Amino acid sequence: MASNESIETLVQDALPWIVEIRRDLHRHPEKSGGETRTSAIVAERLAGLGVEVRTGYYGTGVVGVIRGEKPGRTVGLRFDMDALEMDELTDHDFRSTVPGMMHACGHDGHTAMGLGAAKVLTAMRDRLHGTVKLIFQPAEEDAMTGGGAQYMIRDGALEDPRVDCMVGMHLWPDQDLGVVGTKPGAMMAGSDPFIITVEGKGGHASLPHRAIDPIYIGSQIVSALQSIVSRNVDPFEQAVVTVGTFKGGSRYNVIPQTATIEGTVRSFDEGVRMLVRDRLIAIAEKTAEALGGRAVVDYRLTYPPLINDERTYEKVKACIRAELGDGGYAEVGRPAPGGEDFAFFAKAVPSAFTFLGYRRPGEEPVQPHNPRYDFDERALGYGVRVLVRCALELGKGEGA
Ligand SMILES: [Zn+2]
Ligand SMILES: [Zn+2]
């Protein structure tokens, strides 16, 4: 294969193939943890390209290993494969054929980009330093079970050879088509749900002195939780504590036995994340105790804040500029409040996460998780070019 061709030319040639795969995946969306068809297609396409294929990571996870002809580091590229449980309302001829399931977050595009990167990189082995590991993960959308990323790591996706650094990419509405953005430090929020069960003692509404009122205790807890961000978090850091539900009672004249409070915490720093958790648990437990009841807190640390490594960020930024020109790079101003389980990879190895723009000039892009979600497929070409460039450049140097 003529390997003196530019990345742009190779990607341009591969783009129809990438789009065809994306549309096929789009027609057949699969839920988090159930990506069996997608996983089989990934494995089959990788094998067809002569890529070493490893399967069975957290069920449907797949790792493709491409070895370059030159010595170097091991670079990981990550792609998520799952769809969302919702009906699709687009008019595409490639719209979902599965009722109640839709690729509404662009993971079909991500997976197709991973295969596109494999196709281009296998044609460039003579120019490739070190090893590229293409990591296709299940269950990114399933924060309640902890997400697929941490279980891919548990199952060895980052070993043999050990991954030295990683790059992740997500299709992004708030950025122009042809532009890829990133930033140093916090890129996306840590997202942790909590459930507080307040136990009191039920009784007659007219005899509160013989009861312990969980509604009164719960309302004191909700008020006191407001002090965490205002009194405990450093004013130059950020966090969100939101109570989304407060349930208790069955009748106007009965003091209930229990009340339940549910909410979510967002944070952009691991220290702040732990501070908020510790304060929240203490406030709930001690407030309940002071008022004669008891609070049990189910606090779930799900997705940590996604923190980009400074050096990897610098290298990835240089790759984006080299591949797409200075106008093809956008510094992301502030972290996004959503969660993303790439954060687990970024905690395990130096990493950078990037946003791949698909907004067309003058058009309001449809946001992810919307039944009319759609993106301009030309974005996939820009994305693969940047990922291939990152694989080539970050692979140079000494391995771990
Ligand atoms: Zn999503
Ligand atoms: Zn997503």
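Residues numbered from 1 in each chain as written. Chains lettered and ligands numbered in written order. Predicted model: local features only at pLDDT ≥ 70, side-chain atom pairs only at ≥ 80, totals over all residues. Heavy atoms only, no water.

This part covers the overall build of the protein chain. Helices and strands together make up the secondary structure of the protein chain, namely nine helices and 16 strands. Compactness check: the protein chain gives a C-alpha radius of gyration of 24 Å against a globular reference of 21 Å for 400 residues, within 12% of the reference. Across its three principal axes, the protein chain shows a C-alpha extent of roughly 85 × 45 × 45 Å. Relative to its 400 residues, the protein chain shows a buried fraction of 52%. (Helix = DSSP H or I, 4+ residues; strand = E, 2+ residues; numbered from the N terminus. Rg over C-alpha atoms; globule rule 2.2 N^0.38 Å. Buried < 20%, exposed > 50% of the residue type's maximum accessible area, 1.4 Å probe, protein only.)

Take the pairing of strand β8 (residues 190–199) next. Within β8, seven of the 10 residues are buried, which leaves it mostly tucked inside the rest of the structure. Bridging between β8 and strand β12 (residues 258–267) involves 10 bridges; their strand directions are antiparallel. Bridging from a neighbouring strand, phenylalanine 194 pairs with glycine 263 of β12. Here β8 pairs with strand β13 (residues 294–299) via six bridges, running antiparallel. Its bridge partner being in β13, threonine 197 is matched across the sheet by valine 296. (Pairing = 2+ DSSP bridges.)

A few words on the nonpolar core. Ranked by internal contacts, the top residues of the largest apolar core, which has 65 residues, are Leu46, Leu77, Leu121, Leu134, Phe136 and Val388. Not counting chain neighbours up to four residues away, the residues in contact with leucine 134 comprise Leu46, Val62, Val63, Gly64, Ile66, Leu77, Phe79, Gly114, Ala117 and Ala118. Among the nonpolar cores identified, the runner-up in size contains 25 residues, and Val65, Ala149, Met152 and Phe342 belong to it. (Core = buried A, V, L, I, M, F, W, Y, C linked by side-chain atoms within 4.5 Å. Contact = heavy atoms within 4.5 Å.)

Our focus in this paragraph is helix α5 (residues 214–232). Between the first and last C-alpha of α5 there are 26 Å, a value that for 19 residues agrees with the 27 Å anticipated at 1.5 Å per step. Looking only at α5, the buried set comprises Pro214, Ile217, Gly218, Ile221, Leu225 and Ile228. Angular distribution of buried residues about the axis of α5 spans 95°; they occupy a single face of the element. Residues of α5 that are buried sit in contact with β8, β10 (239–248), β11 (254–255), β12, α6 (270–290) and β13. Capping the start of α5, aspartate 213 holds a side-chain oxygen 2.9 Å from the backbone nitrogen of isoleucine 215, two or three residues further along. (Expected span 1.5 Å × (residues − 1). Arc of directions from axis to C-beta. Polar contact = N/O pair within 3.5 Å; in protein donor to acceptor, adjacent residues only side chain to side chain.)

Moving on: the sheet that holds strand β2 (residues 61–67). On the basis of which strands lie adjacent, the open sheet formed by eight strands has the order β1-β2-β4-β3-β5-β16-β6-β15 and mixed pairing. Bordering the open sheet on either side are β1 (52–57) and β15 (329–331), each of which pairs with just one other strand. For this sheet the average axis-to-axis angle between neighbouring strands, irrespective of direction, equals 25°. Looking at chain direction, strand β6 (residues 180–182) and β15 are connected through three bridges and run parallel. Along β15, the bridge assignment pairs valine 180 with tyrosine 329. Here helix α2 (residues 36–48) sits on the sheet in contact with β1, β2 and β4 (129–137), set at roughly 15° to β2. (Axes fitted to C-alpha atoms, helices over the stretch in contact; angles between N-to-C directions.)

Turning to unusual backbone geometry, a few remarks are in order. Cis geometry marks the peptide bond from aspartate 160 to proline 161; its omega dihedral reads -5°. Within the secondary structure layout, proline 161 lies in the loop between α4 (148–154) and β5 (165–176). A positive phi angle, near 45°, is found at tyrosine 58, a position not held by glycine. With respect to the element layout, tyrosine 58 can be found in the loop between β1 and β2. Even without being glycine, histidine 369 reaches a positive phi, approximately 65°.

Tracing the sequence through the fold places leucine 49 in the loop between α2 and β1. Taking the C-alpha atoms as reference points, leucine 49 and glycine 156, 107 residues apart in sequence, are found 23 Å from one another. When near neighbours in sequence (up to four residues on either side) are disregarded, leucine 49 contacts Trp17, Leu115, Ala118, Lys119 and Thr122.

On to the pattern of salt bridges. This structure, assessed with the given rule, holds 28 salt bridges. When the shortest N-O distance is used, the salt bridge between arginine 54 and aspartate 160 registers 3.9 Å. Linking arginine 54 in strand β1 with aspartate 160 in the loop between α4 and β5, this pair joins segments that are 106 residues apart in sequence. Residue classification places aspartate 160 among the exposed positions, given a relative accessible area of 57%. Its salt-bridge partner being glutamate 270, residue lysine 347 comes within 3.7 Å of it at the nearest N-O pair. On the criterion of sequence distance, the pair formed by lysine 347 in helix α8 (residues 342–348) and glutamate 270 in helix α6 is long-range, its members being 77 residues apart. Residues joined in a network through salt bridges with shared partners are Glu8, Glu323, Arg385 and Arg389. (Salt bridge = Lys/Arg side-chain N within 4 Å of Asp/Glu carboxyl O.)

Another aspect to go through is the coordination of the zinc ion (ligand 1). On the protein side, the zinc ion (ligand 1) has Cys105 (SG), Glu141 (OE) and His369 (NE2) as donor atoms, found 2.1 to 2.3 Å from it. All donor residues of the zinc ion (ligand 1) come from one chain, and their arrangement in sequence is C-x35-E-x227-H. The two metals, the zinc ion (ligand 1) and the zinc ion (ligand 2), are separated by 3.1 Å and share cysteine 105 as a common coordinating residue. Of the two residues, cysteine 105 sits in the loop between β3 (70–80) and α3 (107–122) while glutamate 141 sits in the loop between β4 and α4, which places them 36 residues apart along the sequence. Since its relative accessible area comes to 8%, cysteine 105 is described here as buried. (Donors = N, O, S within 2.8 Å, 3.2 Å for Na, K, Ca; no water.)

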